[in-house]
Amino acid sequence: MLNVSHLTKKYNRFKANDNISFIVNEGEIAVLAGPNGAGKSTAIKCIAGLLRFDGEIEICGFNNKSLEAKRVLGYIPEIPAPFELLTVWEHMEFIARAYRLENWKERAEELVRRMELTDKKDKLGKELSKGMQQKISICCALLIEPKLVLFDEPFVGLDPHAIKELKAMLFEMKEKGVTIIISTHMLDSVEEFWDKVFIMMDGRIEAERERKAVEKSGENLEELFFSITEKNRPEKEQEASS
Ligand code: ADP
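Residues numbered from 1 in each chain as written. Predicted model: local features only at pLDDT ≥ 70, side-chain atom pairs only at ≥ 80, totals over all residues. Heavy atoms only, no water.

This brings us to the domain arrangement of the protein. Assigned domains within the protein: domain 1 (2–72 + 148–241) and domain 2 (82–145). The C-alpha-based centres of domain 1 and domain 2 are spaced at 25 Å. Roughly 1200 Å² is buried in total at the junction of domain 1 and domain 2, and carbon and sulfur atoms are behind 59% of that figure. Taken as a group, Leu158, Glu165 and Met169 account for 34% of the area that domain 1 buries against domain 2, more than any other trio of residues on that side. The partner of Glu165 in a salt bridge is Arg114, and the shortest N-O contact between them spans 2.6 Å. Linking domain 1 to domain 2 there are 5 residue pairs in polar contact (both at pLDDT 80 or more). Listing elements by their share of the side of domain 1 that touches domain 2, those giving two or more residues are α2 (67–71) and α6 (160–175). When residues in the side of domain 1 that touches domain 2 are grouped by element, the largest group, 8 residues, is from α6. (Domains from an automatic or database assignment. Buried area = accessible area lost by both parts, 1.4 Å probe. Salt bridge = Lys/Arg side-chain N within 4 Å of Asp/Glu carboxyl O. Polar contact = N/O pair within 3.5 Å; in protein donor to acceptor, adjacent residues only side chain to side chain. Helix = DSSP H or I, 4+ residues; strand = E, 2+ residues; numbered from the N terminus.)

Okay, structure coming up:
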């Protein structure tokens, strides 16, 4: 479904992603976990087709920069960037026209309702709080009924109701066979629903685990996470935080 092969992304000489390869199948929820600066957002932006990179990325068998791939891709960035002068509902109309969607209004109403934006439908993008802007991003990305959804740190900045609703939506999408990638620096925020986890550090995937295997072995994922991500921290810093 999503096939990332030898992805390397350099900002000048610095490798933010260093030869990353992974596969996520239909209906799987995969987590890119790692501390700030590990390279999660960069990988997500490369998959979304927003950055140039070396390597190959395929979505549903299509190169990620092709129109076929873009048609089935939903991306919710870490920092929302709604159109300042479009209302909430106009965002829905804009996406519907851009993607030539048919019979979209009912779905748009439902998304707007679930994200508690119904009474904000006529508010302009610039008049909304950051959390509300993030909710618009979610509505826009999901309106197209994507087959692959990329969520960059989705739970930061959302209120508890929206987090609960979003988690319910993740389960519903998974049931329908949608593939989902979530980046996070907080493993506990995804513990109920991850299928695969890739632990990233310094631009590389340092460990990959499947839920079934972890459940069978009883491995402590949090311990694994810290053993990888704190390996190279200066001693003083480690002492201060312990
Ligand atoms: P994460 O999402 O895991 O916090 P990022 O992918 O945002 O990590 O960043 C990975 C590394 O790449 C960091 O060291 C960051 O400073 C660097 N980086 C990210 N974006 C840029 C950019 N536009 N130019 C230069 N360096 C960048």
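In this structure, the largest pocket encloses a volume near 510 Å³. Lining the largest pocket are 20 residues, and of these Tyr75, Ile95, Tyr99, Cys140 and Ala141 lie nearest its centre. Secondary structure elements with two or more residues in the lining of the largest pocket: β6 (73–76), α3 (88–98) and α5 (130–143). In the lining of the largest pocket, the residues fall into 15 nonpolar, 4 polar and 1 charged. Split by domain, the lining of the largest pocket shows at least three residues from each of two domains, domain 1 (2–72 + 148–241) and domain 2 (82–145). Computed from the structure, the second largest pocket encloses a volume of approximately 420 Å³. In terms of lining, the second largest pocket is formed by 17 residues, of which the most central are Leu187, Asp188, Glu191, Leu221 and Glu222. Looking at the lining of the second largest pocket, the elements with two or more residues in it are α7 (211–217) and α8 (221–229). (1 Å grid on protein atoms, 1.4 Å probe; cavity = no way out; pocket = protein on both sides within 12 Å on 5 of 7 lines; lining within 4 Å. Points joined across faces, edges and corners; volume = space filled by probe spheres on them. Nonpolar A, V, L, I, M, F, W, Y, C, P; charged D, E, K, R; others polar.)

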